[in-house]
Amino acid sequence: MLLNFFPSRALALYLGKTFLLRCLAMLAMLVLILQMLDLLSEAGKVLAYPGNGDAQLWQYVSLRAPQIISRFLPFSVLLGTLITLATLNANSEVVAMKSGGLSAHQILAPLILASLAVAAISYVFNERVVVRATATLTAWEAAKFGPIPSDPGVKGNVWVRHEDDLIRAGTITGRGNAVRLQDVNVYDRHNNALISIVYAKHGRFTPDGWLLEDIRVFDVVRGVSRHVDRMMVGKGVTPDQFTLSSVDPDAMSFSDLSEAIDTLREAGRPVASLEGSLWHKISGPLSALLMPLLGSVAAFGIARSGKLFVRAVIGMALGFAFFVADNFALSMGNLGVYPPMLAAWAPFLLFLVVGEAVLITTEE
């Protein structure tokens, strides 16, 4: 059965190699252009911190580039598909292959197999590189591009409510009872009226609450400040409320996010939006499999009819319609409107059926 889809090893290698080279070329072009535009908009923020220079700009590029690659890899596969198939059609190579007895599915089979390899590489790249770069960049931005702790589990700008008070931690490191807070602000409120603001450089968890050190207390009513060595706040606030209050799915691997979801579920907190993001870590890379199918309309039809460009536009429209539907479903899942599995997999399955129906109806 498998040999029926690859009747010629040489032809399959030729189509797969041509397709992958086009995809890599499109990816390189997109990453280069988008990275330059992003750097132009963010360079001022990076250099605004005293002491930052060219090294920090290159560091920013090294952290931002994986995010751009991950997000626009499916777009590059779509563009690579359209360029490859349109070129084959324009050079009458598709006509030659169909004259040799190949069906539309057999022509697309090498491209789909190559897309499967791209999807697998994309998943591993996201799990091993992108999540770490995202976590580091988020913490660096929270520190206003200044020094950040080397802890891989660092989190930034987390808010927790304790009765009427609000507690903000600029940086959080560690797990469990070993959690450490830095740049802590405590907003002491009574009957929704702000009484005082506590600024602390450090904080750590104890059985009696959170022990803050190196403190400055600003009295809002009198407008005066005073310094305090130590202060205990937030009795009853657990470390998990800081470490899990702002779970960023983009900065966590599949296993870490699954563990965080289990912990939140045990605590009775809503996890539907996180479950959608969890399954999208698989369905997202697999979207590369759809691109040869959705862009296949550019491969077939007579090129001399003058409709090759129109067919390529239709293929691009189908591909971009999938990305719009995918982002829409994920947003609806985050809002709790769609169930997690539906938000993650519905666009993929819908456009798989649409692409297959178009191919069978028009060519098979």
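1. Description of the overall build of the protein chain
Move 1: Scanning the protein chain from terminus to terminus reveals 11 helices and six strands.
Move 2: Taken against the 2.2 N^0.38 rule, which gives 21 Å for 364 residues, the C-alpha radius of gyration of the protein chain at 26 Å runs more than 25% over that of a compact globule.
Move 3: Along the first, second and third principal axes, the C-alpha atoms of the protein chain reach 85 × 45 × 35 Å.
Move 4: Out of the 364 residues in the protein chain, the part that is buried amounts to 43%.
Move 5: Restricting to contacts in the protein chain with at least 6 residues of sequence separation, those with at least 24 account for 61%.
Move 6: About 19,100 Å² of surface is accessible on the protein chain, with carbon and sulfur atoms providing 63% of the total.
Move 7: Side chains of the protein chain carry 29 positive and 29 negative charges; the gap between the two charge centres is 5 Å.

2. Some points on helix α8 (residues 272-286)
Move 1: For α8, spanning 15 residues, the distance from its first C-alpha to its last is 21 Å, which sits close to the expected 21 Å at 1.5 Å a residue.
Move 2: At H280, α8 shows its maximal bend, which comes to roughly 40°.
Move 3: Those residues of α8 that fall on the buried side of the exposure criterion are L274, G276, S277, L278, H280, K281, S283, G284 and P285.

3. Details of the pairing of strand β2 (residues 165-173)
Move 1: Counting buried positions along β2 gives eight out of nine residues, so the element sits mostly inside the fold.
Move 2: Bridge count for β2 against strand β3 (residues 180-190) is seven bridges, and the pairing is antiparallel. Of the residues in β3, the one forming a bridge with A169 is V184.
Move 3: The hairpin formed by β2 and β3 contains six residues between the paired strands, and G174 there has a positive phi angle of roughly 85°.

4. Some words on the confidence of the model for the protein chain
Move 1: Looking at the protein chain, pLDDT values average 86 and 93% of them are 70 or higher.
Move 2: Put simply, helix α1 (residues 2-5) is where the protein chain has its lowest mean pLDDT, 60, and helix α2 (residues 9-48) is where it has its highest, 94.

5. Things to note about the side chain of D219
Move 1: Among the structural elements, D219 can be located in strand β5 (residues 209-219).
Move 2: Owing to a relative accessible area of 19%, D219 belongs among the buried residues under this scheme.
Move 3: There is a polar contact of 3.2 Å between the side chain of D219 and the side chain of R222.
Move 4: Apart from residues no more than four positions distant in its own chain, D219 is found in contact with I195, S196 and V224.

6. Concerning a nonpolar patch on the surface
Move 1: A cluster of nonpolar residues, M29, L32, I33, M36, L37 and L40, forms a patch on the protein surface that exposes about 630 Å² of accessible area.
Move 2: Along the polypeptide, L40 turns up in helix α2.

7. A word on the pattern of salt bridges
Should the charged atoms of two oppositely charged side chains come close, the side chains can pair.
Move 1: Counting across every chain of the model gives five salt bridges.
Move 2: Where E213 meets R230, a salt bridge forms, and the shortest distance between an N and an O atom there is 3.6 Å. Taken together, the residues E213 in strand β5 and R230 in strand β6 (residues 224-233) connect sequence positions 17 residues apart.
Move 3: A relative accessible area of 23% places E213 in the partly exposed class.
Move 4: The residue R222 makes a salt bridge to D219 at a minimum N-O spacing of 3.2 Å.

8. Details of α2
Move 1: With 40 residues, α2 extends 56 Å between its outermost C-alpha atoms, agreeing within 8% with the 58 Å of an ideal straight helix rising 1.5 Å per residue.
Move 2: Taking the largest bend as the criterion, α2 deviates by roughly 45°, centred on E42.

9. Observations regarding the pairing of β5
Move 1: Pairing of strand β4 (residues 193-206) with β5, which is carried by 10 bridges, proceeds in the antiparallel orientation. Residue pairing across strands places I197 opposite F218, the latter belonging to β5.
Move 2: Pairing between β5 and β6: nine bridges, direction antiparallel. Its bridge partner being in β6, L212 is matched across the sheet by M231.

Thresholds, definitions, all that
- Residues numbered from 1 in each chain as written.
- Predicted model: local features only at pLDDT ≥ 70, side-chain atom pairs only at ≥ 80, totals over all residues.
- Heavy atoms only, no water.
- Helix = DSSP H or I, 4+ residues; strand = E, 2+ residues; numbered from the N terminus.
- Rg over C-alpha atoms; globule rule 2.2 N^0.38 Å.
- Buried < 20%, exposed > 50% of the residue type's maximum accessible area, 1.4 Å probe, protein only.
- Contact = heavy atoms within 4.5 Å.
- Areas by Shrake-Rupley, 256 points an atom, 1.4 Å probe, with all protein chains shown as cover.
- Lys, Arg positive; Asp, Glu negative; His and termini not counted.
- Charge placed at Lys NZ, Arg CZ, Asp CG, Glu CD.
- Expected span 1.5 Å × (residues − 1).
- Bend = angle between axes of the 7 residues up to and from the residue.
- Pairing = 2+ DSSP bridges.
- pLDDT = per-residue confidence, 0-100.
- Polar contact = N/O pair within 3.5 Å; in protein donor to acceptor, adjacent residues only side chain to side chain.
- Patch = residues over 30% accessible without salt bridge, like charges linked within 9 Å, V, L, I, M, F, W, Y side chains within 5 Å.
- Salt bridge = Lys/Arg side-chain N within 4 Å of Asp/Glu carboxyl O.

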